[in-house]
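# Remarks on the overall topology
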Amino acid sequence: SYGKTGATGMPSSTQENEKQRAVEVAAISGELNIIKRTAVGSNYIFESDSLQAASHNTTSFTIHSGASGTNDIYIGSDIYFTSGDASGLGGTITDYVGSSKVVTVGTALATAPSNGSSFVIAPKVTITGDGQAANARANGSNSAQVSDIVTVAAGNGYTNAVITITANSSHGSGATAEGIIEPKG
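Notes on the structure follow. (Residues numbered from 1 in each chain as written. Predicted model: local features only at pLDDT ≥ 70, side-chain atom pairs only at ≥ 80, totals over all residues. Heavy atoms only, no water.)

## Section: the overall build of the chain
To keep it simple, the criterion reads: Helical segments are the DSSP runs of H or I of at least four residues, strand segments are the runs of E of at least two, and each set is numbered from the N terminus. Only protein chains enter the accessibility calculation, which uses a 1.4 Å probe; a residue is then buried when its area is under 20% of its type maximum, exposed when over 50%, and partly exposed in between. Note on definitions: a residue-residue contact is assigned when non-hydrogen atoms from the two residues lie within 4.5 Å.
What the chain contains, in helices and strands, is one helix and twelve strands. Starting at the N terminus and ending at the C terminus, the chain contains elements arranged as α-β-β-β-β-β-β-β-β-β-β-β-β. Per-residue burial over the chain gives 33% buried out of 185 residues. The long-range share in the chain, meaning contacts at least 24 apart out of those at least 6 apart in sequence, stands at 68%.

## A short note on the sheet that holds strand β3 (residues 60-62)
To keep it simple, the criterion reads: Note: two strands are recorded as paired if DSSP finds a minimum of 2 bridges between them. To get an axis, a line is fitted to the C-alpha atoms, and for a helix only the part in contact is used. The angle between two axes follows their N-to-C directions and goes from 0 to 180 degrees.
Strand order in this open sheet of six strands is β2-β7-β4-β5-β6-β3, and the pairing throughout is antiparallel. Pairing within the sheet leaves two strands with one partner each, and these edge strands are β2 (47-50) and β3. Pairs of neighbouring strands in the sheet enclose a mean axial angle of 35 degrees, with direction left out of account.

## Considering the nonpolar core
Rules: The nonpolar core is taken to be a set of buried Ala, Val, Leu, Ile, Met, Phe, Trp, Tyr and Cys residues, with the residues joined through side-chain atoms within 4.5 Å.
Membership of the largest hydrophobic core comes to 18 residues, with the highest contact counts inside it found for Ile-35, Val-125, Ile-127, Val-146, Ile-149, Ile-163 and Ile-165. Going through the elements one at a time, β7 (118-122), β8 (124-129), β9 (132-140), β10 (146-156), β11 (161-166) and β12 (173-180) are the ones with two or more residues in this core. In terms of residue count, the dominant contributor to this core is β9 (three residues). In this structure, Phe-61, Ala-86, Val-105 and Ile-121 belong to the second largest nonpolar core, which totals 16 residues.

## Section: the pattern of salt bridges
To be explicit about the condition: By convention in these notes, a salt bridge is any Lys or Arg side-chain nitrogen within 4 Å of a carboxyl oxygen on Asp or Glu.
For the structure shown, the criterion picks out one salt bridge. The partner of Lys-124 in a salt bridge is Asp-78, with the nearest N and O atoms 3.8 Å apart. Highlighted residues: Lys-124 in strand β8 and Asp-78 in strand β4 (residues 78-81), separated in sequence by 46 residues. For Asp-78, a relative accessible area of 14% puts it in the buried group.

## Examining the environment of Ile-45
Locating Ile-45 in the fold gives a position in the loop between β1 (34-42) and β2. What makes Ile-45 partly exposed here is its relative accessible area of 23%. Sequence separation between Ile-45 and Ala-167 is 122 residues; the distance between their C-alpha atoms is 8.3 Å.

Following this line, the structure appears as structure tokens:
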């Protein structure tokens, strides 16, 4: 138990050590729970809205009517669903048709998104290293900069990790991030 000691009411050093050890034991070796953005970059494109009422499948989705009319502008960026049937899923955009607002991803989602599902299009965050299964997404600001990186899956087994932030070559550059690897538990 975490009791009070002495006149200060502070826990004893033994109690502090026991609590710290419990945290360390609970940590999975090599998780990438925190990704710290180290530079915001500039000129990135971010879209955040809801899917139009249309026929969506696991690889193609009709985004909002106010999206760009420029073909292929979102290629290389990621789309991530924040609500609806595909909430928590996403992929890298491989095609975009500006006239129809249809986005296509290279790898099928496990579930097709539903009409009205909320989504975010942002620069792609790539994690390379000696671990496995880590995934993250970028959040942005109206000033076309990366505001932070959100860990979607911490993965495991990492002793080193390199974070790369990319988008369509026609826009966005200079954002950087650093992965914080959990200590061995």
